[in-house]
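# Tertiary structure, described
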Amino acid sequence: MKGLKNVIYMSLALGMLLYSVPQLNIGEGFTLPTVAGVVWICFALLVIAAHLHELLGVDEETRQDLVRVKRMKRWQNEQKIQGKKQLGLRK
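Residues numbered from 1 in each chain as written. Predicted model: local features only at pLDDT ≥ 70, side-chain atom pairs only at ≥ 80, totals over all residues. Heavy atoms only, no water.

## Some details on the overall build of the chain
Each helix and strand in the chain was counted, giving three helices and zero strands. Going from the N terminus to the C terminus, the chain shows its helices and strands as α-α-α. Against the compact-globule benchmark of 12 Å for 91 residues, the chain has a radius of gyration of 25 Å, which places it well outside the compact range. A principal-axis box enclosing the C-alpha atoms of the chain has dimensions of 85 × 30 × 15 Å. Here the chain holds 91 residues, and the buried ones make up 12% of them. Contacts in the chain between residues at least 24 apart in sequence constitute 56% of all its contacts with a sequence separation of at least 6. For the chain, the computed accessible surface area is about 7,800 Å², with 66% contributed by carbon and sulfur atoms. Separation between the mean location of the 13 positive side-chain charges and that of the 7 negative ones in the chain comes to 19 Å. (Helix = DSSP H or I, 4+ residues; strand = E, 2+ residues; numbered from the N terminus. Rg over C-alpha atoms; globule rule 2.2 N^0.38 Å. Buried < 20%, exposed > 50% of the residue type's maximum accessible area, 1.4 Å probe, protein only. Contact = heavy atoms within 4.5 Å. Areas by Shrake-Rupley, 256 points an atom, 1.4 Å probe, with all protein chains shown as cover. Lys, Arg positive; Asp, Glu negative; His and termini not counted. Charge placed at Lys NZ, Arg CZ, Asp CG, Glu CD.)

## Side note on the confidence of the model for the chain
Close inspection of predicted coordinates is inappropriate in any region flagged by low pLDDT. Per-residue confidence for the chain gives a mean pLDDT of 85, with 91% of residues at or over 70. Mean pLDDT per element in the chain: helix H3 (residues 60-90) is the minimum at 82, and helix H2 (residues 32-56) is the maximum at 90. (pLDDT = per-residue confidence, 0-100.)

## What about the side chain of histidine 51?
If you trace the backbone, histidine 51 turns up in helix H2. Of note is the side chain of histidine 51, whose polar atom sits 3.1 Å from the side chain of asparagine 6. Leave out the neighbours within four places in its chain, and histidine 51 touches Asn6, Tyr9 and Met10. (Polar contact = N/O pair within 3.5 Å; in protein donor to acceptor, adjacent residues only side chain to side chain.)

## Brief notes about the environment of isoleucine 48
On the secondary structure map, isoleucine 48 appears in helix H2. Considering only alpha carbons, one finds isoleucine 48 and glutamate 78, 30 residues apart in sequence, at a separation of 43 Å.

## Observations concerning the environment of arginine 63
Checked against the element boundaries, arginine 63 lands in helix H3. The class of arginine 63 is partly exposed, set by a relative accessible area of 36%. For arginine 63, the side chain forms a polar contact with the side chain of glutamate 54, separated by 3.3 Å.

## What about the pattern of salt bridges?
A side chain with one charge may pair with a side chain of the opposite charge, provided their charged atoms come close. With the rule as written, the count across this model stands at two salt bridges. Residue arginine 63 pairs with glutamate 54 through a salt bridge whose shortest N-O separation is 3.3 Å. When the shortest N-O distance is used, the salt bridge between arginine 68 and aspartate 65 registers 2.7 Å. Here the residue arginine 68 and the residue aspartate 65 both occupy positions in helix H3, the gap between them amounting to three residues, near one helical turn. (Salt bridge = Lys/Arg side-chain N within 4 Å of Asp/Glu carboxyl O.)

## A look at the nonpolar core
Membership of the largest hydrophobic core is limited to six residues, which are Met10, Ala13, Leu17, Ile41, Ala44 and Ile48. Those elements giving two or more residues to this core turn out to be helix H1 (2-20) and H2. Ignoring anything within four residues of it in the chain, the contact list for methionine 10 reads Ile48, His51, Leu52 and Leu55. (Core = buried A, V, L, I, M, F, W, Y, C linked by side-chain atoms within 4.5 Å.)

Below you can see the structure in the form of structure tokens.
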């Protein structure tokens, strides 16, 4: 489901980009409409790149490493708590 959502949003952004680029006033020098058009195109490309990044799973290994680190920290905290409980019972 997550991948489908990214495909749909990326397709919409790509469609918007393809539809609007011919209608933008770019190439008339350094004017406000040209700057706005370039900024809009950059934003649309950024959205498309973000969805591609998510679809390709570039950060999957990093996510798995973070999950391992969180598990280890949780285990260490449990060991500390159990150690304190055992010390408290001995006294």
